[in-house]
Amino acid sequence: MKTLADISERLRRLVQQLVHRTDGDDLSPKEIRDLKERYREHDLAQAKILQDFLSRLK
Amino acid sequence: MKILLPFNDDSTLFFVSRVKRQLSARGHKCGTLFLTSAGSDELVSKRQLDLFLPGGTDFVASTLGAEMLEIFDAFITCKPTRVVRNFLSDDGYRIRRNRPCFVAFQPGLEFSPEKGIGNRRKFDAIFVNRQADIALSEAMLPLAPKRVMSWGHPYFSPPQHYREDTGGPAYFFAQAISPRSIAARMHVLEVLRALALANPQREFVIKLRHLPGENAGHVHKEDHSYPDLMQGLETCPDNLRVSACSLEEALEKAAVALTCTSTAAMDAISAGLPAIAYTDYVENYLDPMSKAMKGLFAGSGVLASLEQFLNLEARRPEASWLNANFRDPDVIWSELETTVEAFKKGAP
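All figures in this text were calculated on a predicted structure; none of them were measured in a lab.

Draft legend 1. Structural context of the overall build of chain A. A tally of regular secondary structure across chain A gives 2 helices and 0 strands. Of all 58 residues assigned to chain A, the portion counted as buried reaches 31%. Carbon and sulfur atoms provide 52% of the accessible area of chain A, an area that totals close to 4,000 Å².

Draft legend 2. Summary view of the pairing of strand 12 (residues 275–278) of chain B. Residues and elements named next belong to chain B. Of the two faces of strand 12, both are covered, the one formed by Ala 275 and Ala 277 as well as the one formed by Ile 276 and Tyr 278. In this structure, strand 11 (residues 256–259) lies alongside strand 12, joined through 3 bridges in parallel fashion. Paired with Leu 258 across the two strands is Ile 276, which belongs to strand 12. Between the parallel elements strand 11 and strand 12, the chain passes through helix 11 (residues 264–270) in a crossover that is right-handed. Pairing between strand 12 and strand 13 (residues 303–304): 2 bridges, direction parallel. Across the sheet, residue Tyr 278 finds its bridge partner in strand 13, namely Ala 304. Tracing the backbone out of strand 12, into helix 12 (residues 288–296) and back to the parallel element strand 13 gives a crossover that is right-handed.

Draft legend 3. Summary view of the sheet that holds strand 12 of chain B. Residues and elements named next belong to chain B. One open sheet holds the 6 strands; their spatial order is 10-9-8-11-12-13, and the pairing between them is parallel. On the outer flanks of this sheet lie strand 10 (240–243) and strand 13, each paired with one strand and no other. Pairing of strand 8 (residues 170–173) with strand 11 involves 4 bridges; the strand directions are parallel. Its bridge partner lying in strand 11, Tyr 171 is registered against Ala 257. Contacts from helix 8 (residues 182–198) reach strand 8, strand 9 (204–207), strand 10, strand 11 and strand 12, with the element oriented near 155 degrees to strand 9.

Draft legend 4. Molecular detail of the nonpolar core. All names here are of chain B. Core analysis: the biggest nonpolar cluster contains 56 residues, and Ile 76, Val 103, Phe 105, Phe 173, Ile 269, Phe 297 and Leu 336 have the highest contact counts within it. It is helix 1 (residues 10–25) that contributes the most residues to this core, 6 residues altogether. Excluding residues that lie within four positions of it along the chain, Ile 269 makes contacts with Pro 159, Ala 275, Phe 297, Val 302, Pro 317, Trp 321, Leu 322 and Phe 326. Val 188, Leu 195, Leu 208 and Leu 229 belong to the second-largest nonpolar core, a separate cluster that totals 35 residues.

Draft legend 5. Molecular detail of the state of the cysteines. All names here are of chain B. In total, this model carries 0 disulfides over all chains according to the counting rule given. The thiol sulfur of Cys 78 is not disulfide-bonded, and the nearest other cysteine sulfur, from Cys 30, lies at 14 Å. For Cys 245, which is in no disulfide, the shortest distance to another cysteine sulfur is to Cys 236 and amounts to 17 Å.

Draft legend 6. Geometry of the packing of aromatic side chains. All names here are of chain B. One pass over the structure, following the stated rule, counts 20 aromatic pairs over all chains. Taking 4.8 Å as the distance between ring centres and 20 degrees as the angle between the ring planes, the aromatic pair formed by Phe 105 and Phe 127 counts as stacked. Taken as a pair, Phe 105 in the loop between strand 5 (101–104) and helix 6 (113–118) and Phe 127 in strand 6 (residues 125–128) lie far apart in primary sequence, 22 residues in all. In textbook terms, an aromatic cluster arises when at least three aromatic residues are bridged by ring pairs, as seen for Phe 15, Phe 105, Phe 127, Tyr 155, Phe 156, Phe 297, Trp 321, Phe 326 and Trp 333. Note that Arg 18 overlies the ring of Tyr 155, its terminal NZ or CZ placed 4.0 Å from the centroid.

Draft legend 7. Spotlight on the sheet that holds strand 1 (residues 2–7) of chain B. Residue and element names in this part refer to chain B. Strands sit in the order 3-2-1-4-5-6-7 across an open sheet of 7 strands; the sheet is parallel. Lying at the two open borders of the sheet, with one neighbouring strand each, are strand 3 (59–61) and strand 7 (148–151). Each strand axis lies, on average, 25 degrees off the axis of its neighbour in the sheet, ignoring direction. The pairing of strand 1 with strand 4 (residues 74–77) spans 2 bridges and is classified as parallel. Residue Ile 3 lies in a different strand from strand 4, and its bridge partner there is Ala 74. Relative to strand 1, helix 1 is tilted by about 165 degrees, and along the sheet it contacts strand 1, strand 2 (29–35) and strand 4.

Draft legend 8. Examining the pairing of strand 5 of chain B more closely. Residue and element names in this part refer to chain B. Side chains Cys 101 and Val 103 project from strand 5 onto one buried face, and the interleaved Phe 102 and Ala 104 project onto a second face that is buried too. Both strand 4 and strand 5 contribute to a ladder of 4 bridges, which runs parallel. Bridge pairing links Thr 77 to Ala 104 in strand 5. Across 2 bridges, strand 5 lies against strand 6 in parallel orientation. Paired with Val 103 across the bridge in strand 6 is Ala 125. With respect to chirality, the unit in which strand 5 leads through helix 6 into the neighbouring parallel strand 6 is right-handed.

Draft legend 9. How the structure looks around the confidence of the model for chain B. Looking at chain B as a whole, its pLDDT mean stands at 91, while 95% of the residues score no less than 70. Across the interfaces of the predicted complex, the ipTM metric reaches 0.76, alongside a pTM of 0.81.

Draft legend 10. Seen up close, the environment of Ala 298 of chain B. Residue and element names in this part refer to chain B. Looking at where Ala 298 falls in the secondary structure, it is placed in the loop between helix 12 and strand 13. Distance in space between the C-alpha atoms of Ala 298 and Ala 139 is 24 Å, their sequence separation being 159 residues. Those residues in contact with Ala 298 that lie beyond four places of it in its chain are Leu 303 and Trp 321.

The rules behind each value
- Residues numbered from 1 in each chain as written.
- Chains lettered and ligands numbered in written order.
- Predicted model: local features only at pLDDT ≥ 70, side-chain atom pairs only at ≥ 80, totals over all residues.
- Heavy atoms only, no water.
- Helix = DSSP H or I, 4+ residues; strand = E, 2+ residues; numbered from the N terminus.
- Buried < 20%, exposed > 50% of the residue type's maximum accessible area, 1.4 Å probe, protein only.
- Areas by Shrake-Rupley, 256 points an atom, 1.4 Å probe, with all protein chains shown as cover.
- Pairing = 2+ DSSP bridges.
- Right-handed = clockwise from strand over helix to strand, strands pointing away.
- Contact = heavy atoms within 4.5 Å.
- Axes fitted to C-alpha atoms, helices over the stretch in contact; angles between N-to-C directions.
- Core = buried A, V, L, I, M, F, W, Y, C linked by side-chain atoms within 4.5 Å.
- Disulfide = S-S within 2.5 Å.
- Phe/Tyr/Trp six-rings, centres within 6.5 Å; stacked < 30°, edge-to-face > 60°.
- Lys NZ or Arg CZ within 6 Å of the ring centre and 35° of its normal.
- pLDDT = per-residue confidence, 0-100.

So this is what it looks like as structure tokens:
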């Protein structure tokens, strides 16, 4: 089971790739920041739901 | 009618197996054709051939020929391969009178219908999955050659009855390339592990389309198989396992059907099974099929949040969505029979 810290680190790397992928597009730095934040929040929210569910089993 | 059913990979083999059963029951004579190419053994395994066509394959060929086809009234496929497209692009052949009516369906859930419809433009009849897709397809296709356009898929028949979740096995229907990333697939696997831990009395089965190593040449090549990823789980409960059984067997044994983006969600609904589709997995933004699945299942009542998925909260599909996506196969085949009969009498 991945910890939230693991997921954060993986996301950091992923977002770096995404930012790289969007280089050259018309996205502004702010739009890129917002996108990164939205993706990060999405993944962390899913991971937290799963962790909370598992915690309730213990 | 004499009908030829070609296949060239595992998914077309599944289609042929099911369509042959349905059409044979209507009194038609169906021949199966294994359209081989270099590397065919990486597209269909002997295990799959034995499982899905236990009586064996009627014909094996690497190309199509006019003489070989002239004894058939219809040629039905769900995937127009390059061999078939090239064959049909010969206008000299298309004007022959003693040729079968070429009929194309879609292979299953169609996540990008605009891509596949162009490949079907030379067919005599095209069945798209949804009635709403007919207008879209007609707008994309040239007027000539003339063709019959209709809708419906032989897998997607309206449920005759609804089954309740009896607490029996829950089957997760996997898809080879979606979820796409290793992190996303690991997340889904961890969700299934959590379900197994929370429901120790219940079996959770990951239904694989193929065994690891099978179908290595398929266009949808699986890079991160669930059996491989299971090795990375902290612990794997005894009640979480994988199976490469047939879809029919899985649908019969399952008490509830789980998936992310598999076409099997439609099969499960047809079988009256409670079905739950979870598309909000980690890194779903890297997977175009997540968004496409959400679009196709919008208004179905089958899409679930992670909380609902973990609580196995299945809802019956909405009637309006069912009516737009599911069609009685008897109606489809009856329409097909009329089309083929008219074609044989010279209709375009």
